[in-house]
Structure formats: C-alpha cells, structure tokens
Amino acid sequence: MKMTQTLPKGSDVVADSEHITNKERLSYGASDFACNVANGMVGTYLMYYYTDVFGLAAGAIGTLFFVARIVDAISGPTWGIMIDRTHTRWGKSRPYFLWFSISYAIFFILAFSSVPLGPLGKLIWAYVTYIAIDILYLGINIPITSMLPSLTASPQERVKFSTVRQVLATTGATLISIAVLPAVQLLGHGNDKQGFLVTAIIVAVLTAFLLLVTFKNTHERVHPKHQTKLSLKQSASALKGNWPWMIISSMYFFFWIGMQTKLQVTVYFFKYNMHNADLASFMLGLQALSLVVIVFTPFLTRHFGKRGTMVIGLGLCVISQLVLGVGAKMMNVPILAGATILGYFGNGFFAGLLPVMLADTVDYGEWKNGVRAEGLVTSFSGIASNLGMGMGGVVTGFLLSMNGYVANHAQTPQALNAIEMNFVWVPLIGFGIGLILMHFYKFDKMQPKIEADLKARHEAAD
C-alpha cells in the first residue's frame, strides 16, 4: 500500500514511505552509534583519565567543564543557525557529517594523548583539546536530530527512524562502557597512558567511518520550497511561544545533569567505595538491557502516548536511584545490579522518545510561527545535553575536590560520601525534576489538530 507523507509548509517534495529502506534507517542509526561510542568514552572515562592517569586535580577539571559549558552556550546555537542557513545538493544537516567527522576524530585522539608537559602545560592541553572536541561534537551530533524532520514527515516513520537510532546508540554506549577498561589494560600492557591512547585511536577511526556511512546512505526529503536561508531573527522566531520545546529542552538538561554525574563516578564508586573496579564495566554494560525497552517504545507510545511513556521512563529512573541508594549503603552487589537494570529500562524510554518529541517541536514552531527551523530548534537538544553533562562534571569535580579526593589513594570517609552523592543522590534530583516537567507537557492532545492544520496549509500552498 502506497503511503504519501504529510509535508511541511511549502514543501515541493513528496516523500513516499515505501522509498525508505532499512539500509537508510540503519545508516541513520549508525551516526548515533558513532557519537555514543565516542561521547561515551568521553563522558564516562575522561574525568577518570584526567585525574588518575593524566594527573590533573579534580577541582581543576570541574572548572574546565564549567568553562566548556560557557563555550557550549555560544557554539550550540551557532551550529543550529549554520544548519538553517545551509543549502547544498546533499541537504541542510547531512553535509556536516562529511565536513567535520575527520576533525572531530583528530581532536578526540589528542584529548587522550598524555603529552609530557608540566602541570600548567597539561591543564592548557586539556582545555584546548576538550573544548575542541566539545565544539566539534555538537557539529556532528546536532545534525543527527535536526535531520530527522527532513528525512520524513510521517510521525510513524519518525518513530521508526528514532527507534533504530536509539537501539544502535544504546549498543554503542554499552560496548564502549564494557570495552574501555579491558581495552586499556590489553593495549597498554600495564601502561594506562598508552592503553587510553590506542583505544582512543580505534574509537576515533570507527566514529569517523560510521559518520561518513550516514552521509552516504541517508536522504533529506522534506524541503520547504519558499524558505531558503533563514536569518537569525527568523530562526529564533520558531522558538517564540514554543512551550513544548521549552519543556523538552529543560527536561533534557536536568536529565543529563543526573546521568552524567552517575556515569562519570561509576568507576570511582566501584574502585574506591566497593573496592572492585572490575564491577564498573559490568554495571555499565547492563545498559544493553535497555534495548528491550527501546524496541517496544513504538508499541507503548500507541497505547500511552509519548508523554505517558516518557513519564513511565523517568519514573523508573527515579525509583532506580532510590533502590541504588539502599544498595550503596548496604554495599550489596545484587541490589546495585537490580537498581542499575531498572534505571537503564527507564533510560531506554527516554532515549527512544526524545528525538521524536524534538521533531514535534519543529512542527509546533512551524504551526505557531510559520517558520520551520530544524537546525536552531533541535540544536538545543545538543546544547541542553552538553550543558547538563558539563554541569554534572562541575558538580562531580567540586564535590570530590571539596571533600578531599586524592587519586589512586585510599579515600577518606568524606571523599567516599562525595562519590556516593554523585552516584546516587544528584542523579535522583535531576531525574525527579525531569519527571515534574513532564506534568506540564500537553503536546500529545494538540498533535491531531496541528497535523490537520499543517496539512491544510500545505495543500493550500500547493
């Protein structure tokens, strides 16, 4: 059966869902597999690398992460505006994979290179390389989300694309979380500096290759025919009164504060609090179980709606942190494992739905303000996540520093409590705020009217 998709305002291209192949869906998902492999290594292990391998102080790293977030506040919207002003034969978002994948890979390798410098030189090296990969990461990650509304106008197809993307993203994040520490030991032959460098080279090459695969095999079908290069003012007008975008961006920010603090201290928690660093890879690897949830996300959204399914996911995240707190106090590995699995189930719902909900905010901006600005609107997902991850890094760095953390030494009770705070209670607050924000999200009820109104406009424009 031939299905013609509803197109955005003024579109002169009819996208037929029968022309969307599994190869294209997999190629789209490969982009987030690549980003999660690379960013997973950065988000989970870079702070540990800086403190326990490269020899920088936790407080100094917290300051670095704070400065990087200021840079994000500028570079994120800049990337979004650039995408909205990009018009090539390859589309608006897709060319960025071609243009910036190699440069990202190069700086990624440099970030894990233990150059023989003094304390100040090492800190400067960390600032330059980390901020560079942070900027370039937004340049390859924001287009993943901004491209989704252009791949298809069909809500069902968007969910399919997003589901494949999140399955592969979770697979990438799981593989890197399991593989990094064993790879460092294997490839470094006891030299962690060498091990991290060789591992980073492998990850960088894989990331660049997969992003180029995405560039080659995806197609942007939805093109507004009267809307060419948008000015900054025009792009920004798509955000005016766009309350779904405000809620989703805020929720994403607080979610990633919680998630990042938890991820980056997982190694610390099991190394120092539980006295078994090998458990860190095992616990991080449990996120593979979230694939079960992601696969069933399209089914659940048909029954509970996007908002209801997201509430279930965030609720599971909150409950998991409470159980994790019990396991941490009792130092009970089975309880910690069970809580971790529950949390990854919740994260699966969140990850599977967020790109679709961001695509909805693009439609809402067009419906309310008459401007379709995929780049700027969706860029705030990258900005929100990076700001959240950065603030998580700031919180972690300063809590560890203020409570006397010393790398590769037995920790004081105060330092152990600070690690547990980052592992359990800061994430609980972040997830809880996200759950509260979803109470105000009412887009699902409005979507049928928005779709009908946009369809009428498109038909009138044709």
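As shown above, the structure is provided for reference.
Residues numbered from 1 in each chain as written. Predicted model: local features only at pLDDT ≥ 70, side-chain atom pairs only at ≥ 80, totals over all residues. Heavy atoms only, no water.

Would you explain the overall build of the protein chain in this entry?
For the protein chain, the helix and strand inventory stands at 14 helices and zero strands. Across the protein chain, helices and strands are ordered from the amino to the carboxyl terminus as α-α-α-α-α-α-α-α-α-α-α-α-α-α. Radius of gyration (C-alpha) of the protein chain: 22 Å, near the 23 Å computed for a compact globule of 462 residues. When the backbone C-alpha atoms are referred to their principal axes, the protein chain occupies close to 70 × 45 × 40 Å. (Helix = DSSP H or I, 4+ residues; strand = E, 2+ residues; numbered from the N terminus. Rg over C-alpha atoms; globule rule 2.2 N^0.38 Å.)

Can you help me understand the packing of aromatic side chains in this one?
For any pair of aromatic rings, the description rests on two quantities: the centre-to-centre distance and the angle between the ring planes. Per the stated rule, a full pass over the model turns up 32 aromatic pairs. Ring geometry for Tyr-268 versus Tyr-405: centroids 5.3 Å apart, planes at 75°, classification edge-to-face. Residue Tyr-268 is located in helix 8 (residues 243–273), and its partner Tyr-405 is located in the loop between helix 12 (374–402) and helix 13 (413–438); the two are separated by 137 residues in the primary sequence. Grouping residues by exposure puts Tyr-268 and Tyr-405 together as buried. A ring pair is formed by Phe-269 and Phe-270, whose centres lie 5.1 Å apart and whose planes are at 90°; its orientation type is edge-to-face. The ring of Phe-215 is capped by Arg-94, whose NZ or CZ atom sits 4.8 Å from the centre of that ring. The positively charged end of Lys-122 is found above the aromatic ring belonging to Phe-54, 5.2 Å away from the centroid. (Phe/Tyr/Trp six-rings, centres within 6.5 Å; stacked < 30°, edge-to-face > 60°. Buried < 20%, exposed > 50% of the residue type's maximum accessible area, 1.4 Å probe, protein only. Lys NZ or Arg CZ within 6 Å of the ring centre and 35° of its normal.)

Would you take a moment to explain helix 2 (residues 58–84) for this structure?
An α-helical turn contains 3.6 residues, so a residue and the one three or four places further along point in the same direction. Helix length check: helix 2, at 27 residues, gives a terminal C-alpha distance of 38 Å against a target of 39 Å (1.5 Å per residue), a fit within 8%. Helix geometry: helix 2 is bent most strongly at Asp-72, by close to 30°. (Expected span 1.5 Å × (residues − 1). Bend = angle between axes of the 7 residues up to and from the residue.)

How should helix 8 be read in this particular structure?
Taking 1.5 Å of rise per residue, 31 residues should cover 45 Å, and helix 8 covers 42 Å from first to last C-alpha, within 8% of that figure. The axis of helix 8 is deflected most strongly, by about 45°, at Val-265. Where burial is concerned, most of helix 8 is hidden: 25 out of the 31 residues are buried. A positive phi of about 60° marks His-275, the residue just after helix 8.

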